[in-house]
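The primary structure of each chain is shown beneath.
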Amino acid sequence: MKNYYTKLLTLTSLMLFLTLKLNAQNEDRFKFENSQTIEEYINIHTPDFKDEDVFVFDDFESFLKFNNDGYLAGPIIHVFNGEGAYLEDIEPHEVEKKLSNFKKIKNKPSKKAILVGDWFNNLVNYKTLKPIIKKDKVDYYFVLNWALFLKKPDNIKELSKWYKVLQRQQTDRGENIQIVLLNMDFQDSWNMSKEKENIY
């Protein structure tokens, strides 16, 4: 039985690696990032990102779970309603229409919808490594996926535009929302063994 689980974990890790390698469209081995490298990237490419909105996964196992469940494509926006139920992911070609008018966002979660708490329980601020605080009494939670490993400048430019639209919805229209900029990069803070790091 132990050998079975060892083989299963190895196979899962291999599938993860291949999936991420294709998504990144990059032939280099994945880099492990940290608060300094992420901050440097933000300062150059997306200076509008607020530190308090940028989060990472707290460990590799959390990252692996959400990747295997298919939620770590990017750039993309995941939307949850005020009760925390997952509504939809907004594809790039739909973003302008739906973010400019929240009424166009799907309003009924599926019966098997995941909850925003399932996500937030696994996220920490990229600088402080403190757990995210889920705001109460909001109408929507927006999680915007992004990563340094995606490599395409147009991707981060688009995501920066989406972030600004959501900020304007807060300040200009008084929309009651919580915005999370979810960085999907591997993190030094996960303290993975050198053997496991070398796999990726």
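Remember, predicted model here, so these are calculated numbers, not experimental data.

Asker: Describe the pairing of strand E2 (residues 54-57), and please don't skip the residues or the numbers.
Answerer: In E2, alternate side chains face the same way, and those of Val-54 and Val-56 on one face and Phe-55 and Phe-57 on the other are all buried. Bridge count between E2 and strand E7 (residues 177-183): two bridges; the pairing is parallel. Bridging from a neighbouring strand, Phe-55 pairs with Leu-182 of E7. Sheet topology note: the E2/strand E5 (residues 123-125) ladder contains three bridges and is antiparallel. Residue Phe-55 lies in a different strand from E5, and its bridge partner there is Asn-125.

Asker: With reference to specific residues and values, describe the packing of aromatic side chains.
Answerer: Working definition: an aromatic ring pair is given by the centre-to-centre distance plus the angle between the planes. Applying the stated criterion to the full structure yields 21 aromatic pairs. Ring geometry for Phe-49 versus Tyr-163: centroids 5.2 Å apart, planes at 75 degrees, classification edge-to-face. Separated by 114 residues along the polypeptide, Phe-49 in the loop between helix H2 (35-45) and E2 and Tyr-163 in helix H6 (residues 153-171) bring together distant segments of the chain. Relative accessible area serves as the criterion here: at 5%, Phe-49 is assigned to the buried category. One aromatic cluster in this structure is built from Phe-32, Phe-57, Phe-60, Phe-63, Phe-66, Tyr-71, Phe-80, Tyr-86, Trp-119, Phe-186 and Trp-190.

Asker: Which residues make up the pattern of salt bridges, and what are the values?
Answerer: Per the counting criterion, the structure on display carries six salt bridges. For Asp-51, the salt bridge is made with Lys-127, and the minimal N-O distance between the two is 3.0 Å. Residue Asp-51 is found in the loop between H2 and E2, and its partner Lys-127 is found in the loop between E5 and strand E6 (140-146); the two are separated by 76 residues along the sequence. Relative accessible area serves as the criterion here: at 30%, Asp-51 is assigned to the partly exposed category. With its nearest N and O atoms 3.8 Å apart, the salt bridge here joins Lys-98 to Glu-94. By the burial criterion, Lys-98 is buried, and Glu-94 matches it. One salt-bridge network, in which partners are shared between bridges, spans Glu-39, Asp-51 and Lys-127.

Asker: So what's going on with the pairing of E6? Which residues, and what values?
Answerer: With respect to burial, E6 is a largely interior element, seven of its seven residues being buried. Both faces of E6 are covered, namely the face carrying Tyr-140, Phe-142, Leu-144 and Trp-146 and the face carrying Tyr-141, Val-143 and Asn-145. Taken together, the six bridges between strand E3 (residues 76-81) and E6 define a ladder with antiparallel strand orientation. Residue His-78 lies in a different strand from E6, and its bridge partner there is Val-143.

Asker: Lay out the environment of Asn-81 in plain terms, naming residues and giving numbers.
Answerer: With respect to the helices and strands, the residue Asn-81 is situated in strand E3. Residues Asn-81 and Leu-115 lie 34 residues apart in sequence; the distance between their C-alpha atoms is 9.3 Å.

Asker: Break down helix H3 (residues 60-68) for me, with residues and values.
Answerer: Turning to H3, its buried residues are Phe-60, Ser-62, Phe-63, Leu-64, Phe-66 and Asn-67. For H3, the N-terminal capping position is held by Asp-59, with its side-chain oxygen 3.3 Å away from the main-chain nitrogen of Glu-61. Downstream of H3 by one or two residues, Gly-70 has phi in the positive range, about 85 degrees.

Definitions and limits used
Residue positions are counted from 1 within each chain, in the order its sequence is given. Totals for whole chains, interfaces and linings use all residues, but because this is a predicted model, local features are given only for residues with pLDDT of at least 70 and pairs of side-chain atoms are given and counted only at 80 or more. As a convention, hydrogens and water are excluded, and side-chain values are obtained from all of the structure's heavy atoms. Only protein chains enter the accessibility calculation, which uses a 1.4 Å probe; a residue is then buried when its area is under 20% of its type maximum, exposed when over 50%, and partly exposed in between. Only DSSP runs of H or I covering at least 4 residues are called helices, and only runs of E covering at least 2 are called strands; the numbering of each starts at the N terminus. For two strands to be treated as a pair, DSSP must find no fewer than two bridges joining them. Only Phe, Tyr and Trp rings take part, Trp by its six-membered ring, and two of them pair if their centres are within 6.5 Å. Stacked means planes under 30 degrees apart, edge-to-face means over 60, and tilted covers everything else. By convention in these notes, a salt bridge is any Lys or Arg side-chain nitrogen within 4 Å of a carboxyl oxygen on Asp or Glu. Whenever a nitrogen or oxygen atom comes within 3.5 Å of another N or O atom, the pair is scored as a polar contact, on the condition that within protein one atom can donate a hydrogen and the other can accept it, and that pairs from neighbouring residues in sequence are kept only if both atoms are in side chains.

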